[in-house]
Each structure stands twice: as structure tokens, then as C-alpha cells.
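Residues per chain, in single letters:
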Amino acid sequence: EKTHYHCCDGCCHDEIPGDSQEMSILQRLRGAFENALSVLGSAWFFILLGVGISAALSSFFQMESIIHFVDENSFVSTTVAALVGFPIHSDLFSALPILNLLLDISTATALSFSLATMSISIPSMVLLSRILRPTILLLYALSLLLLSIGIGWLLLLL
């Protein structure tokens with residue numbers, strides 16, 4: 001028989017096979033809601049931090065200076081775009097204005113920024129730290145960051 005696990009409050013318990021069939025929809029919804037609140041309770045600060053960094057970057061840097069820098073330094077700007085996008089908690093809708101601006105300047109920079117922004121962020125690192133060891137989490141983050149930079153560089157060379 002296959003063993004099933006039930007996770008709540010950060011702990012996982014063995015379930016007797018067939019127990020999950022006996023849970024009502026209301027019990028399942030309540031468990032899902034409790035798990036969601038638990039995750040939100042441990043990550044809310046880092047979500048706000050990522051959004052705050054994003055807001056600070058977009059309000060403190062003038063677009064003209066960014067455009068000038070990207071035009072003159074394509075490989076460096078692709079790397080910087082990935083490094084700047086790395087900590088930002090973003091999705092397609094919040095990153096779209098920056099992507100539109102970057103696409104007009106450099107497709108490679110826009111791609112590096114969007115890959116770094118949407119693949120990894122401070123809040124996602126916090127959530128992943130609950131299930132991954134620090135070494136694995138660091139390897140995961142570095143590989144995504146290097147892939148974001150590498151794909152941008154590859155596009156520059158093509």
C-alpha cells in the first residue's frame with residue numbers, strides 16, 4: 001500500500017491509506033486556507049521588501065540614464081538587468097512597463113531582466129528555504145541567475 005502524508009502547521013504526518021477519501025470538501029478547504037495563511041505569515045515581510053525594492057528602483061533611477069547606460073554597455077547592461085531583476089518580486093503585469101522600455105533599447109537586456117525577475121525573487125527564496133537546504137537553494141538561485149545572464153549574452157552574440 002502507498003503511504004500518504006498530510007501536512008499542516010509545517011509538520012507532515014503519515015496518513016492511513018483511505019483517510020484522504022474521507023475528508024469533506026469543507027475540511028480540505030479549511031486545511032488549504034490554514035496552509036496559505038501559514039505561508040503568508042512567514043513570507044509577508046519579504047514580499048513587501050521585494051515590492052519595495054522594485055518601487056525604489058523605478059522611482060530613483062531616471063529612465064534617460066538607464067537608456068544611455070544600456071546603449072553604451074550591452075554585455076554589462078544585460079548582466080546588471082539580471083542582477084537588478086533578481087531580488088524583485090514581480091509578475092508579468094508589474095514588470096511589463098519596464099520590459100516595454102527595455103525592449104525598445106535592447107532585446108537581450110529585456111530578456112535577461114524578465115527571466116531573472118520572473119524566475120527567482122527574495123520572497124520565492126524565503127518560501128523555498130522552508131523545503132530546501134541552504135546549499136541547494138544557493139545552487140538553485142545561482143543557476144537561474146547565471147542562465148538569465150547567459151541567455152541574454154547569447155542573444156547579444158546572435
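Everything numeric here is computed off the predicted structure, so don't read it as measured data.

## Focus on the nonpolar core
Part 1 of the reasoning: One finds A81, I88, A95, L99, L102, A110 and F113 forming the largest nonpolar core, which totals seven residues.
Part 2 of the reasoning: Of all elements in the fold, only helix 5 (92–105) and helix 6 (107–119) reach the threshold of two or more residues within this core.
Part 3 of the reasoning: Looking at this core, the element that brings in the most residues is helix 5, giving three residues.
Part 4 of the reasoning: Ignoring any residue separated from it by four or fewer positions in sequence, one finds F113 in contact with A81, G85, I88, A95, I98, L99 and L102.
Part 5 of the reasoning: Within the second largest apolar cluster, five residues are counted, among which are I120, M125, L137 and L144.

## A short note on the packing of helix 4 (residues 74–85) against helix 8 (residues 134–157)
In helix packing, the relevant descriptors are the interaxial angle and the interaxial distance, both defined with respect to the helix axes.
Part 1 of the reasoning: Relative orientation of the contacting elements helix 4 and helix 8 amounts to 150°, with a least axis distance of 9 Å. Compared by their axis directions, helix 4 and helix 8 come out roughly antiparallel. In the crossing of helix 4 with helix 8, the sense of the turn from one axis to the other is right-handed. Where helix 4 abuts helix 8, its residues S74, F75, T78, T79, A82 and L83 lie against L145, S148, I149, G152, W153, L156 and L157.

## Regarding the packing of helix 6 against helix 8
Part 1 of the reasoning: At a closest axis distance of 8 Å, the pairing of helix 6 and helix 8 adopts a crossing angle of 165°. Between helix 6 and helix 8, the angle falls in the class roughly antiparallel. Our pair here, helix 6 against helix 8, has a crossing hand that is right-handed. Each of T107, A108, L111, S112, L115, A116 and S119 in helix 6 lies in contact with helix 8, whose residues at this interface are Y140, L144, S148, I149, I151, G152, L155 and L156.
Part 2 of the reasoning: For the contact of helix 6 with helix 8, the per-class residue count stands at 10 nonpolar, five polar and no charged.

## Re the pattern of salt bridges
Part 1 of the reasoning: Counted according to the given criterion, the structure contains one salt bridge.
Part 2 of the reasoning: Note that R30 and E34 form a salt bridge whose closest N and O atoms lie 3.2 Å from each other. Of this pair, R30 and E34 both sit in helix 2 (residues 25–60), separated by four residues, roughly a single helical turn.
Part 3 of the reasoning: By relative accessible area, which is 36% here, E34 ends up partly exposed.

## A word on helix 4
Part 1 of the reasoning: Taking 1.5 Å of rise per residue, 12 residues should cover 16 Å, and helix 4 covers 16 Å from first to last C-alpha, within 8% of that figure.
Part 2 of the reasoning: Taken together, the buried positions of helix 4 are S77, T78, T79, A81, A82 and G85.

## Quick notes on helix 8
Part 1 of the reasoning: Here helix 8 contains 24 residues, and its C-alpha end-to-end distance of 34 Å stays within 8% of the 34 Å for a straight helix at 1.5 Å per residue.
Part 2 of the reasoning: Listed in full, the buried residues belonging to helix 8 are L137, A141, L144, L145, S148, I149 and G152.
Part 3 of the reasoning: Where helix 8 is buried, its residues contact helix 4, helix 6 and helix 7 (122–128).

The rules behind each value
- Residues numbered from 1 in each chain as written.
- Predicted model: local features only at pLDDT ≥ 70, side-chain atom pairs only at ≥ 80, totals over all residues.
- Heavy atoms only, no water.
- Core = buried A, V, L, I, M, F, W, Y, C linked by side-chain atoms within 4.5 Å.
- Buried < 20%, exposed > 50% of the residue type's maximum accessible area, 1.4 Å probe, protein only.
- Helix = DSSP H or I, 4+ residues; strand = E, 2+ residues; numbered from the N terminus.
- Contact = heavy atoms within 4.5 Å.
- Axes fitted to C-alpha atoms, helices over the stretch in contact; angles between N-to-C directions.
- Parallel < 35°, antiparallel > 145°, perpendicular 65-115°, else oblique.
- Left-handed = near helix turned anticlockwise from the far one by under 90°.
- Nonpolar A, V, L, I, M, F, W, Y, C, P; charged D, E, K, R; others polar.
- Salt bridge = Lys/Arg side-chain N within 4 Å of Asp/Glu carboxyl O.
- Expected span 1.5 Å × (residues − 1).

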